[in-house]
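# Residue-level structure breakdown
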2 protein chains.
Amino acid sequence: MRLIVGVDLGGTNIVVGTVPEDGSALYGRVSEPTPVADGPEAVARCMVELVERSLHETRRTLGQRQLDVAGVGVGAPGPIDTTSGVVLLAPNLGWQNMPLRQRIAAATGLDATLDNDANCATFGEWWRGAARDGRTVIGLTIGTGIGGGIVLDGRIYHGASDVAAEFGHTTIDATGRRCACGNYGCLEAYASGPNIAKRAIEELESGRPSSIPGRVGHDLQRVTAQTVYAAASAGDELALEVVRDTAKFLGVGIANFVNILNPDVVVITGGVTQAGDRLFAPLRLEVARRAFKPAVDACRIVPGMLPGTAGVFGAVAAFKVQRWGAV
Amino acid sequence: MRLIVGVDLGGTNIVVGTVPEDGSALYGRVSEPTPVADGPEAVARCMVELVERSLHETRRTLGQRQLDVAGVGVGAPGPIDTTSGVVLLAPNLGWQNMPLRQRIAAATGLDATLDNDANCATFGEWWRGAARDGRTVIGLTIGTGIGGGIVLDGRIYHGASDVAAEFGHTTIDATGRRCACGNYGCLEAYASGPNIAKRAIEELESGRPSSIPGRVGHDLQRVTAQTVYAAASAGDELALEVVRDTAKFLGVGIANFVNILNPDVVVITGGVTQAGDRLFAPLRLEVARRAFKPAVDACRIVPGMLPGTAGVFGAVAAFKVQRWGAV
């Protein structure tokens, strides 16, 4: 069976794995911190090294000297031109107009494709994860920002200029919190990891009792979303309230997506899924309260099943669609 | 050339016309007020009479005794099951589970199809109107409510359960104005015709000077959105402000749709287009301020070109897709 290498380039880590074309396994999973500070060429070199390491480990695992490798699928952040294979803009990497596909293809000697990382995470969950069998799938990746992907009838939906599914920058409160993008009231301004932490810190600064300060040596600047989830798990009332509010904000945004796209699956990936049912139960309630009943009834809202590898599987699936027309 | 009859069933009027399969003309355009109070069967009978009148007039216009009629495409309000041809729920008509397609087919002896009216209006503007050549088209129909349609690659996008594109009930302000649907902050609660009038009345009740009261015999309950547009055309400051605010609210909602779907056309139909550039200029500005630049650059936001007949053309196009696989 032919193999495809999947590369998930993130602002923090690069994750690479080798997948048989039927998606039945993930061999040679390797990862390194993204050397952002060393510039685009260093990042590309690191990606190529990881591809070679992944193939090396796959050969050992399978006990084969020669592998039949069809190519490399890459998922990368930022608006991307999927046709030319160029990353147009990736603020977290400091990149502009980086011809990433051609770099990877030239250095590996393999065919390569490029798509957006959040698209790939959604596509991976559709192919091998929690959104399997969905015909109309919405994916939200909630981490430092809120990215998204839309999968319709087994294909990534790209829109007119490859920038569809920017769910994080949809407005849920036209006069609300300032977002890093310059607007007011974006979903991301409430529910991304850093903004979950920020809302907790605001509550703590009002002097409310909580176990959170003790968890960070009383240095509130060290509070992260993970601190909040851990405190909520331990029953901390303030942390539970922050998680419930997060669920409400996400519920408003997702109700909008449900009323617009009438999906059969909404799959949520990223750190926020650590909050578990404490998040998902009130989130589903808020969506049910706000969206149309026939749309709510048709849709399941689930956490991703492939933490850390959805983007790799999705990059492989995107390669298959770009090169062979279907997954 | 084969002909298809298009029927646009609205809460106020039924409009019917006969269209050659290439969409090059509209013959026998006839219309009647919808006899809502007389019940579903009376409405269906009225639709059938209008189909027969339209075909009669078409025969006269074309000077032919016999027409080659392929069938009837119907657009009707409410969530619809396009497969079974049933109107599931239409509050404005007081209908529930009305097997409209079968009624029309049985009474006319013609093949019939059914789709949602706002879908049809968008599809009509794509086929023969302002959204021609769009690959990714969003339509908003702004009247008593705010309906919508999505056309992707020449087909109506229906979603998982036929209720996609409920743009009017997306939230733009989670803690905002109460909507008739029970939620808070829906786009419709700000920008539908009745809510445009309501916002004007609220301003007038604060005692601000305006020409509006004089236009309605000083009976503020008679103010409609049309009154506001007429006053704005005459330079009335309060009316102009209401139109500018409407543009902002619509801009927030449309920026969300643009960030989610990255369309190449947003086409707006219905009474609100009477406000012309006074509405469209600030609306486009608000979208440009809020949505991603590559998405804004890819998208034109235009008024519909087929007032009163977009739904008829769209119902015909929907017939073609359902029966022949493409327009």
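Residues numbered from 1 in each chain as written. Chains lettered and ligands numbered in written order. Predicted model: local features only at pLDDT ≥ 70, side-chain atom pairs only at ≥ 80, totals over all residues. Heavy atoms only, no water.

## Notes on the overall build of chain A
Looking only at helices and strands, chain A features 11 helices and 13 strands. Expected size for 327 residues packed as a compact globule is a radius of gyration near 20 Å; at 20 Å, chain A falls within 12% of this value. Total accessible area on chain A is roughly 12,600 Å²; 49% of this is exposed by carbon and sulfur atoms. A distance of 3 Å separates the average location of the 30 positive side-chain charges in chain A from that of its 33 negative side-chain charges. (Helix = DSSP H or I, 4+ residues; strand = E, 2+ residues; numbered from the N terminus. Rg over C-alpha atoms; globule rule 2.2 N^0.38 Å. Areas by Shrake-Rupley, 256 points an atom, 1.4 Å probe, with all protein chains shown as cover. Lys, Arg positive; Asp, Glu negative; His and termini not counted. Charge placed at Lys NZ, Arg CZ, Asp CG, Glu CD.)

## Describing the confidence of the model for chain A
With 100% of its residues at a pLDDT of at least 70, chain A reaches an overall mean of 96. Interface confidence for the predicted complex, expressed as ipTM, amounts to 0.94; the pTM equals 0.95. (pLDDT = per-residue confidence, 0-100.)

## Section: unusual backbone geometry
Phi is positive for Asn 262 of chain A, close to 45 degrees, though the residue is something other than glycine. Relative to the helices and strands, Asn 262 of chain A resides in the loop between α8 (237-261) and β12 (265-269). Owing to a relative accessible area of 0%, Asn 262 of chain A belongs among the buried residues under this scheme. Phi angles above zero are rare outside glycine, and Asp 162 of chain B is one such case at about 65 degrees. (Buried < 20%, exposed > 50% of the residue type's maximum accessible area, 1.4 Å probe, protein only.)

## Overview of the nonpolar core
Counting residues in each nonpolar core, the largest one holds 119 residues, and the members touching the most others are Leu 140 and Ile 254 of chain A together with Leu 140 and Ile 254 of chain B. Other than its neighbours up to four places away in sequence, Ile 254 of chain A contacts Leu 140, Val 266, Ile 268, Leu 283, Val 287 and Ile 301 of chain A. (Core = buried A, V, L, I, M, F, W, Y, C linked by side-chain atoms within 4.5 Å. Contact = heavy atoms within 4.5 Å.)

## As for the sheet that holds strand β6 (residues 86-90) of chain B
All names here are of chain B. Strand order in the open sheet formed by 3 strands is β5-β6-β7, and the pairing between neighbours is antiparallel. Here the strands that pair on one side only, and so sit at the sheet edges, are β5 (80-81) and β7 (95-98). Direction of pairing for β6 relative to β7: antiparallel, over a ladder of 3 bridges. Each residue of the ladder has a partner; that of Val 87, found in β7, is Met 98. (Pairing = 2+ DSSP bridges.)

## Some thoughts on the pairing of strand β1 (residues 3-9) of chain B
Residue and element names in this part refer to chain B. Counting buried positions along β1 gives 7 out of 7 residues, so the element sits mostly inside the fold. Alternating positions in β1 separate into two faces, Leu 3, Val 5, Val 7 and Leu 9 on one and Ile 4, Gly 6 and Asp 8 on the other, with burial throughout. Relative to strand β2 (residues 13-20), β1 runs antiparallel, the two being bridged by 7 bridges. Counterpart to Val 7 in the pairing with β2 is Val 16. Hairpin connection, β1 to β2: the antiparallel pair is bridged by 3 residues. As judged from the 6 bridges shared by β1 and strand β4 (residues 69-76), these two strands associate in the parallel manner.

## Some thoughts on the packing of aromatic side chains
One pass over the full model with this rule turns up 10 aromatic pairs over all chains. Residues Phe 123 of chain A and Trp 126 of chain A carry aromatic rings whose centres are separated by 5.4 Å and whose planes lie at 10 degrees to one another, so their mutual orientation is stacked. Highlighted residues: Phe 123 of chain A and Trp 126 of chain A, both in helix α3 (residues 117-128), separated by 3 residues, approximately one helical turn. A ring pair is formed by Phe 319 of chain B and Trp 324 of chain B, whose centres lie 5.9 Å apart and whose planes are at 90 degrees; its orientation type is edge-to-face. In this structure, Arg 2 of chain A packs its charged tip against the face of Trp 324 of chain A, placed 4.0 Å from the ring centre. (Phe/Tyr/Trp six-rings, centres within 6.5 Å; stacked < 30°, edge-to-face > 60°. Lys NZ or Arg CZ within 6 Å of the ring centre and 35° of its normal.)

## Concerning helix α2 (residues 100-108) of chain A
All names here are of chain A. Every buried residue of α2 is listed here: Leu 100, Arg 101, Ile 104 and Thr 108. The buried side chains of α2 occupy one side of the element, clustering within an arc of 100 degrees when seen end-on. Two residues or fewer past α2, Gly 109 is found with a positive phi of approximately 70 degrees. (Arc of directions from axis to C-beta.)

## Details of the packing of helix α7 (residues 225-233) of chain A against α8 of chain A
To characterise two packed helices, one gives the angle between the axes of the helices and the distance between these axes. Residues and elements named next belong to chain A. α8 packs onto α7 with a crossing angle of 115 degrees between their chain directions and a minimal axis gap of 8 Å. In this structure, α7 crosses over α8, and the sense of that crossing is left-handed. Within the contact between the two elements, α7 uses Val 228, Tyr 229, Ala 231 and Ala 232 and α8 uses Ala 239, Leu 240, Val 242 and Val 243. Residues of the contact of α7 with α8, tallied by class, amount to 8 nonpolar, no polar and no charged. (Axes fitted to C-alpha atoms, helices over the stretch in contact; angles between N-to-C directions. Left-handed = near helix turned anticlockwise from the far one by under 90°. Nonpolar A, V, L, I, M, F, W, Y, C, P; charged D, E, K, R; others polar.)

## Regarding the pattern of salt bridges
Residue and element names in this part refer to chain A. Summed over the entire model, instances satisfying the criterion amount to 26 salt bridges over all chains. Here Glu 41 ties to Arg 103 by a salt bridge, and the two come within 2.8 Å at their closest N and O atoms. On the criterion of sequence distance, the pair formed by Glu 41 in helix α1 (residues 40-62) and Arg 103 in helix α2 is long-range, its members being 62 residues apart. Take Glu 41: its relative accessible area is 37%, and that puts it in the partly exposed class. With its nearest N and O atoms 3.1 Å apart, the salt bridge here joins Glu 203 to Arg 208. Taking the relative accessible area as the measure of exposure, Glu 203 reaches 29% and is therefore partly exposed. Taking relative accessible area as the criterion, Arg 208 reaches 29% and is therefore assigned partly exposed. Salt bridges sharing common partners tie together Lys 248, Glu 286, Arg 289 and Arg 290. (Salt bridge = Lys/Arg side-chain N within 4 Å of Asp/Glu carboxyl O.)

## A look at the relation of the copies chain B and chain A
When chain B is fitted to chain A, the residual RMSD is 0.1 Å, and the transformation amounts to a turn of 180 degrees plus an axial shift of 0.0 Å. Read as a symmetry element, the transformation amounts to a two-fold axis. When C-alpha distances to the rotation axis are compared across chain B, the minimum falls at Asp 173 of chain B, with a value of 1.9 Å. Taken together, the interface assignments show that 100% of the residues at the interface of chain B recur at the interface of chain A, consistent with an identical surface on both copies. (Least-squares fit on C-alpha atoms with pLDDT ≥ 70 in both.)

## Remarks on α3 of chain A
Between the first and last C-alpha of α3 of chain A there are 16 Å, a value that for 12 residues agrees with the 16 Å anticipated at 1.5 Å per step. Across the 12 residues that make up α3 of chain A, a large majority, 10, are buried. (Expected span 1.5 Å × (residues − 1).)

## Concerning the sheet that holds strand β10 (residues 146-152) of chain B
Spatially, the 5 strands line up as an open sheet ordered β11-β10-β9-β12-β13 (chain B), and their pairing is mixed. Bordering the open sheet on either side are β11 (155-156) and β13 (300-303) of chain B, each of which pairs with just one other strand.

## Structural notes on the packing of helix α8 (residues 237-261) of chain B against helix α9 (residues 277-290) of chain B
Residue and element names in this part refer to chain B. For the pair α8 and α9, the least separation of the axes is 7 Å and the interaxial angle reads 40 degrees. Looking at the two axes, α8 sits oblique to α9. In terms of crossing hand, the pair formed by α8 and α9 is right-handed. Between α8 and α9, the residues in contact are Leu 240, Val 243, Thr 246, Ala 247, Lys 248, Leu 250, Gly 251, Val 252, Ile 254, Ala 255, Val 258 and Asn 259 and Arg 278, Leu 279, Pro 282, Leu 283, Glu 286, Val 287 and Arg 290, respectively. (Parallel < 35°, antiparallel > 145°, perpendicular 65-115°, else oblique.)

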